[in-house]
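Listed below are the residues making up each chain.
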Amino acid sequence: MNRIFADFSALEGTNCYCSEDSARAIRERVADLPLHAVHDIGTGDYHYISLFWLERIDEPFQLVLFDHHPDDQPGAFDGDLLSCGSWVREARRLPMLRADRWIRDAADFPALAELPDLPVYLSIDLDVLSEEYARTDWDQGRMTLEELKGALRGIIAARRIVGVDLCGGNTPEKGASPDDLALNAVTGEALSDLFRDLS
């Protein structure tokens with residue numbers, strides 16, 4: 001799998017919340033990119049972009065989400081506005097999504113042994129990791145990088161991977177230091193490497 005940088009943060013109406021016009025524009029751009037890839041979608045403020053990848057899957061599948069936050073809250077403004085906190089709730093309405101698992105820390109790993117026999121789409125937010133391994137603009141979990149890599153290797157060995165997305169981190173505009181950016185880059189590369197040989 002190749003790693004694709006699919007950062008749409010330059011579009012207006014996209015930071016944390018996604019307007020209908022922006023959603024339409026992102027869907028059009030995503031349609032021209034390969035689904036079977038590691039999609040680097042920027043910070044956790046844009047995690048809802050995962051939904052647009054999931055919409056393209058045309059076979060029954062399951063979503064495995066590594067995230068410190070559930071992202072299945074009601075949409076903003078009476079539920080009408082897609083956000084980084086509501087996209088999983090929207091994804092559950094997709095006809096091809098048959099199951100989803102939320103992995104917040106290592107205590108949730110036993111659920112991975114009970115995954116249905118379905119292809120997997122993986123969505124990974126760096127905020128699931130402790131600050132030793134990533135620096136984000138949200139509160140973070142306690143998982144180590146080796147724990148996360150081990151869980152991902154187990155899924156890769158047991159199920160076909162439809163696609164992957166990776167988000168999290170921080171930006172200089174929100175106070176990220178050069179050291180923060182460097183750490184996140186190393187972690188992102190280490191995670192992407194796990195999928196490099198998947199065909």
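Structural data are supplied above this passage.
Residues numbered from 1 in each chain as written. Predicted model: local features only at pLDDT ≥ 70, side-chain atom pairs only at ≥ 80, totals over all residues. Heavy atoms only, no water.

**Some words on the overall build of the protein chain**
For the protein chain, the count of helices and strands is six helices and eight strands. Listing the helices and strands of the protein chain from first to last along the sequence gives β-β-α-β-α-β-α-β-α-β-β-α-β-α. Rg of the C-alpha trace for the protein chain: 16 Å, near the compact-globule value of 16 Å for 199 residues, within the 12% margin. With respect to the three principal axes, the spread of C-alpha positions in the protein chain is 40 × 40 × 30 Å. Here the protein chain holds 199 residues, and 52% of them are scored as buried. In the protein chain, the proportion of contacts linking residues at least 24 apart, taken out of those at least 6 apart, comes to 74%. (Helix = DSSP H or I, 4+ residues; strand = E, 2+ residues; numbered from the N terminus. Rg over C-alpha atoms; globule rule 2.2 N^0.38 Å. Buried < 20%, exposed > 50% of the residue type's maximum accessible area, 1.4 Å probe, protein only. Contact = heavy atoms within 4.5 Å.)

**Notes on the pairing of strand β4 (residues 61-66)**
Burial of β4 is extensive: six of the six residues sit out of reach of the surface. Inspection of the sheet shows β4 paired to strand β6 (residues 97-103) by six bridges, in the parallel sense. Each residue of the ladder has a partner; that of phenylalanine 66, found in β6, is isoleucine 103. (Pairing = 2+ DSSP bridges.)

**A closer look at the packing of aromatic side chains**
Each aromatic ring pair is described using two quantities: the centre-to-centre distance and the angle formed by the ring planes. Enumeration over the complete set of coordinates arrives at one aromatic pair. Here tyrosine 48 and phenylalanine 52 contribute two aromatic rings whose centre-to-centre distance is 6.3 Å and whose plane-to-plane angle is 80°, an arrangement assigned as edge-to-face. Given a relative accessible area of 2%, phenylalanine 52 falls into the buried group. (Phe/Tyr/Trp six-rings, centres within 6.5 Å; stacked < 30°, edge-to-face > 60°.)

**As for the layout of surface pockets**
Unfilled space is identified by rolling a water-sized probe across the atoms. A volume near 360 Å³ is recorded for the largest pocket. As for the largest pocket, its lining consists of 20 residues, of which Arg3, Phe5, Asp40, Gly42 and Gly168 are closest to the centre. Elements with a contribution of two residues or more to the lining of the largest pocket: β1 (3-5), β8 (161-167) and α6 (178-193). Element by element, the count of residues in the lining of the largest pocket is highest for α6, at four residues. When the residues that make up the lining of the largest pocket are grouped by side-chain class, the tally is eight nonpolar, nine polar and three charged. (1 Å grid on protein atoms, 1.4 Å probe; cavity = no way out; pocket = protein on both sides within 12 Å on 5 of 7 lines; lining within 4 Å. Points joined across faces, edges and corners; volume = space filled by probe spheres on them. Nonpolar A, V, L, I, M, F, W, Y, C, P; charged D, E, K, R; others polar.)

**Quick notes on helix α5 (residues 145-158)**
Taking 1.5 Å per residue, 14 residues should reach 20 Å; α5 reaches 20 Å between its end C-alpha atoms and fits that length. Contacts made by the buried residues of α5 are with β4, β7 (120-125), β8 and α6. (Expected span 1.5 Å × (residues − 1).)

All quantities given are derived from atomic positions and should not be read as evidence of function.
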